[in-house]
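The lines below spell out each chain.
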Amino acid sequence: PIATSGGVTGVSSCNSNLYSVGEDGCLRVSSLPSLSEDSAQSTAQSLRRRNFRISPMPLSAIAVLQSELLAVGGHDNSVALYSTSCGSSLAKGQVHADTVTCLGVSPCSSTLVSGSRDQSVVTWACTPSSLKNELTFDDLQQPITCVAASNSLVLAGASDGQI
């Protein structure tokens with residue numbers, strides 16, 4: 001298990017890592033064990049864990065764009081691209097008026113979608129070093145709780161059960 005001080009508010013993974021964010025403003029990265037490992041002891045020795053203090057405010061959402069490139073959202077109402085290889089923020093967008101509650105990424109990782117307590121959904125064009133607001137949908141009447149993206153479709157779920 002990955003210990004946190006405060007609750008875990010978002011998790012995601014790729015083929016090699018498990019990522020979590022929490023109320024303490026930290027991003028935690030743990031390498032996943034290889035399926036070819038022979039014993040529990042060698043697995044335990046091969047696992048790496050890293051912690052990054054990203055924000056003084058709670059973090060609430062995470063999405064993996066590439067194995068070392070993440071999107072992170074939080075109580076500062078922003079979405080940030082974060083590199084775990086260099087341990088720093090690469091780009092930041094602040095369009096929402098309240099906490100970013102969820103993030104989703106398209107299969108090709110070029111489009112990121114964020115949802116917020118402010119009842120809006122924002123699409124972002126992503127590159128490894130930039131984040132650009134493309135569209136904002138604000139016709140939902142409840143806070144957004146989950147989002148998903150495909151190449152031509154954006155889905156959002158709200159706290160009242162609407163999709």
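A quick note: this is a predicted structure, and the numbers were derived from the prediction, not measured.

Analysis parameters
Residues numbered from 1 in each chain as written. Predicted model: local features only at pLDDT ≥ 70, side-chain atom pairs only at ≥ 80, totals over all residues. Heavy atoms only, no water. Pairing = 2+ DSSP bridges. Helix = DSSP H or I, 4+ residues; strand = E, 2+ residues; numbered from the N terminus. Axes fitted to C-alpha atoms, helices over the stretch in contact; angles between N-to-C directions. Phe/Tyr/Trp six-rings, centres within 6.5 Å; stacked < 30°, edge-to-face > 60°. Buried < 20%, exposed > 50% of the residue type's maximum accessible area, 1.4 Å probe, protein only. Salt bridge = Lys/Arg side-chain N within 4 Å of Asp/Glu carboxyl O. Core = buried A, V, L, I, M, F, W, Y, C linked by side-chain atoms within 4.5 Å. Contact = heavy atoms within 4.5 Å. 1 Å grid on protein atoms, 1.4 Å probe; cavity = no way out; pocket = protein on both sides within 12 Å on 5 of 7 lines; lining within 4 Å. Points joined across faces, edges and corners; volume = space filled by probe spheres on them. Nonpolar A, V, L, I, M, F, W, Y, C, P; charged D, E, K, R; others polar. Patch = residues over 30% accessible without salt bridge, like charges linked within 9 Å, V, L, I, M, F, W, Y side chains within 5 Å. Areas by Shrake-Rupley, 256 points an atom, 1.4 Å probe, with all protein chains shown as cover.

Draft legend 1. The arrangement of the sheet that holds strand β11 (residues 121–127) in detail. Pairing is antiparallel in the open sheet, where 4 strands are placed in the order β9-β10-β11-β12. The sheet terminates laterally at β9 (100–105) and β12 (130–137), the two strands that pair on one side only. Geometrically, the sheet is characterised by an average inter-axis angle of 25 degrees between neighbouring strands, direction not taken into account. Relative to β11, strand β10 (residues 111–116) is paired through 5 bridges, and the arrangement is antiparallel. Looking at β11, one finds that Gly-115 is bridged to Val-121.

Draft legend 2. Just the pairing of strand β1 (residues 8–13), in detail. Pairing between β1 and strand β2 (residues 17–22): 5 bridges, direction antiparallel. Its bridge partner lying in β2, Val-8 is registered against Gly-22. In sequence, β1 turns back onto β2 through a hairpin of 3 residues.

Draft legend 3. View of the packing of aromatic side chains. Scanning the entire structure with this criterion turns up 1 aromatic pair. Centroid distance Phe-52 to Tyr-82: 5.6 Å. Interplanar angle 65 degrees. Geometry classified as edge-to-face. One end of the pair, Phe-52, is in strand β4 (residues 49–53); the other, Tyr-82, is in strand β7 (residues 79–83), and 30 residues separate them in sequence. The same class applies to Phe-52 as to Tyr-82, namely buried.

Draft legend 4. Spatial organisation of the pattern of salt bridges. The final tally for this structure, using the stated rule, is 3 salt bridges. We note a salt bridge from Arg-50 to Glu-68, for which the minimum N-O separation is 3.8 Å. One end of the pair, Arg-50, is in strand β4; the other, Glu-68, is in the loop between β5 (59–66) and β6 (69–74), and 18 residues separate them in sequence. In this structure Glu-68 comes out as partly exposed when scored by relative accessible area, which is 25%.

Draft legend 5. Seen up close, the sheet that holds β4. Taken in spatial order, the 4 strands of this open sheet run β1-β2-β3-β4, and their pairing is antiparallel. At either margin of the open sheet sits one strand with a lone partner, and together these are β1 and β4. Going across the sheet, the axis of each strand differs from the next one's by a mean of 15 degrees, ignoring polarity. Here strand β3 (residues 26–31) pairs with β4 via 5 bridges, running antiparallel. Bridging across to β4, Ser-30 finds its partner in Arg-49.

Draft legend 6. Broad picture of the nonpolar core. Counting 15 residues, the largest nonpolar core has Ala-71, Val-79, Leu-81, Leu-103, Leu-112, Trp-124 and Leu-131 as the members making the most contacts within it. For this core, the secondary structure elements donating two or more residues are β5, β6, β7, β9 and β11. Leave out the neighbours within four places in its chain, and Leu-103 touches Ala-61, Ile-62, Ala-63, Ala-71, Val-72, Gly-73, Val-79, Leu-112, Val-113, Ser-114 and Val-147. Membership of the second largest hydrophobic core comes to 12 residues, among which are Val-21, Leu-27, Val-64 and Leu-70.

Draft legend 7. Structural view of the layout of surface pockets. Each pocket or cavity is described by its volume, and for the largest pocket that value is around 160 Å³. When residues in the lining of the largest pocket are grouped by element, the largest group, 3 residues, is from β6. Residues belonging to the lining of the largest pocket are distributed by class as follows: 5 nonpolar, 5 polar and 2 charged.

Draft legend 8. Fine view of a nonpolar patch on the surface. Taken together, Val-8, Val-11, Leu-18 and Leu-32 make up a surface patch of nonpolar side chains, about 310 Å² in accessible area. Mapping Leu-18 onto the fold places it in strand β2.

Draft legend 9. How the structure looks around unusual backbone geometry. The phi angle at Asn-77 is positive, at roughly 70 degrees, despite the residue not being glycine. Among the secondary structure elements, Asn-77 is positioned in the loop between β6 and β7. You will see that Ser-109, though not glycine, has its phi angle at about 65 degrees, which is positive. The exposure class of Ser-109 is partly exposed, given its relative accessible area of 21%.

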